[in-house]
Amino acid sequence: MKKVKIEHKYAPFPKPIALIGSLVDGKPNFMTIAWFNRMSMSPNIWMISIGKNHYTFKGIKENGTLSMNFPNPDLVIKTDYCGLVSGREKDKSDIFSIFYGELKTAPLIVECPISIELEVVEMMEKEDLVLIFAEVKNIFSEEKYLTNGELDPIKFKPLAFIKPNPEGYYYKLGQRVGQAWSIGTQLLKEE
Ligand SMILES: Cc1cc2nc3c(=O)[nH]c(=O)nc-3n(C[C@H](O)[C@H](O)[C@H](O)COP(=O)(O)O)c2cc1C
């Protein structure tokens, strides 16, 4: 089998896309984000890599809080827009309907199937980026996105981002192909 070397500065794997929200000078602002991950389950800490100069970061520093909102494919245009323009130049406060949870300074998006409010635990600066460690305080969704009381990806339809080349694209999720920590046991049975 002949393998070829591929340009390595892109990201050829699917990333979930989210909209980060913060209150900047008392006004909601949202930016698109792909570079985040969960760090630990208990406490539920997430890591978010964010450019220091983003307007949204100003609000995160001001309040020590932020929101993460997960759009579905219906929101792809608004999601991309929030990643194209800065709140410094354009007011992004009326793109979505907004609600607040317990934190009061983390604006949450009504149209997104899943919205999370988080409190900053720590920040680590590296060149023009900040790695934010933030603890999940509450997760909000709607009955229509649940099956037997649990979030159901077939219903909430997460938006994925893949950047295999300089462009980068949004994708819908495909089909479920197996149950984690379960389907692999088939190989155990064959031993
Ligand atoms: C698909 C996509 C993914 C992005 N991911 C990130 C990211 O992970 N971190 C980041 O700092 N900026 C990311 N951006 C860029 C910001 O969303 C963009 O610069 C935005 O305009 C900043 O808005 P603000 O200045 O109002 O905060 C992404 C943009 C797009 C379109």
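Below: a short report on this structure. (Residues numbered from 1 in each chain as written. Predicted model: local features only at pLDDT ≥ 70, side-chain atom pairs only at ≥ 80, totals over all residues. Heavy atoms only, no water.)

A look at the environment of Glu 122
With respect to the helices and strands, Glu 122 occurs in strand E9 (residues 114-126). Here Glu 122 falls in the partly exposed class, since its relative accessible area comes to 47%. Between the C-alpha atoms of Glu 122 and Phe 140, which are 18 residues apart in sequence, the distance is 24 Å. In this structure, Glu 122 is in contact with Leu 131, Ile 132 and Phe 133, ignoring residues within four places of it in sequence. (Helix = DSSP H or I, 4+ residues; strand = E, 2+ residues; numbered from the N terminus. Buried < 20%, exposed > 50% of the residue type's maximum accessible area, 1.4 Å probe, protein only. Contact = heavy atoms within 4.5 Å.)

A few points about the pairing of strand E10 (residues 129-140)
Inspection of the sheet shows strand E5 (residues 45-51) paired to E10 by 7 bridges, in the antiparallel sense. Paired with Met 47 across the strands is Phe 133, a residue of E10. By the bridge criterion, 11 bridges tie E9 to E10 in an arrangement that is antiparallel. Across the sheet, the residue bridging to Ser 115 is Phe 140, located in E10. Turn length for the E9-E10 hairpin, with the two strands adjacent in sequence and antiparallel, is 2 residues, and the turn residue Glu 127 shows positive phi of about 50°. (Pairing = 2+ DSSP bridges.)

Thoughts on the packing of aromatic side chains
Geometrically, a pair of aromatic rings is defined through the distance of the ring centres and the angle of the planes. Per the stated rule, a full pass over the model turns up 7 aromatic pairs. Here the aromatic rings of Phe 36 and Trp 46 are separated by 6.4 Å at their centres, their planes lie at 10°, and the arrangement is stacked. Remark: Trp 46 occurs in strand E5 and Phe 36 occurs in strand E4 (residues 36-40); sequence separation between them is 10 residues. There is no split in this pair, since Phe 36 and Trp 46 are both buried. Among the aromatic residues, those joined into a ring-pair cluster are Phe 36, Trp 46 and Phe 70. (Phe/Tyr/Trp six-rings, centres within 6.5 Å; stacked < 30°, edge-to-face > 60°.)

Focus on the pattern of salt bridges
Applying the stated criterion to the full structure yields 6 salt bridges. For Asp 25, the salt bridge is made with Lys 58, and the minimal N-O distance between the two is 3.3 Å. With Asp 25 in the loop between strand E2 (18-24) and strand E3 (27-33) and Lys 58 in helix H1 (residues 55-63), this residue pair connects regions lying 33 residues apart in the sequence. Judged by its relative accessible area of 56%, Asp 25 is exposed. Here Glu 62 makes a salt bridge to Lys 58, at a shortest N to O gap of 3.5 Å. You can see Glu 62 and its partner Lys 58 sitting in helix H1, 4 residues apart, about one turn around the helix. (Salt bridge = Lys/Arg side-chain N within 4 Å of Asp/Glu carboxyl O.)

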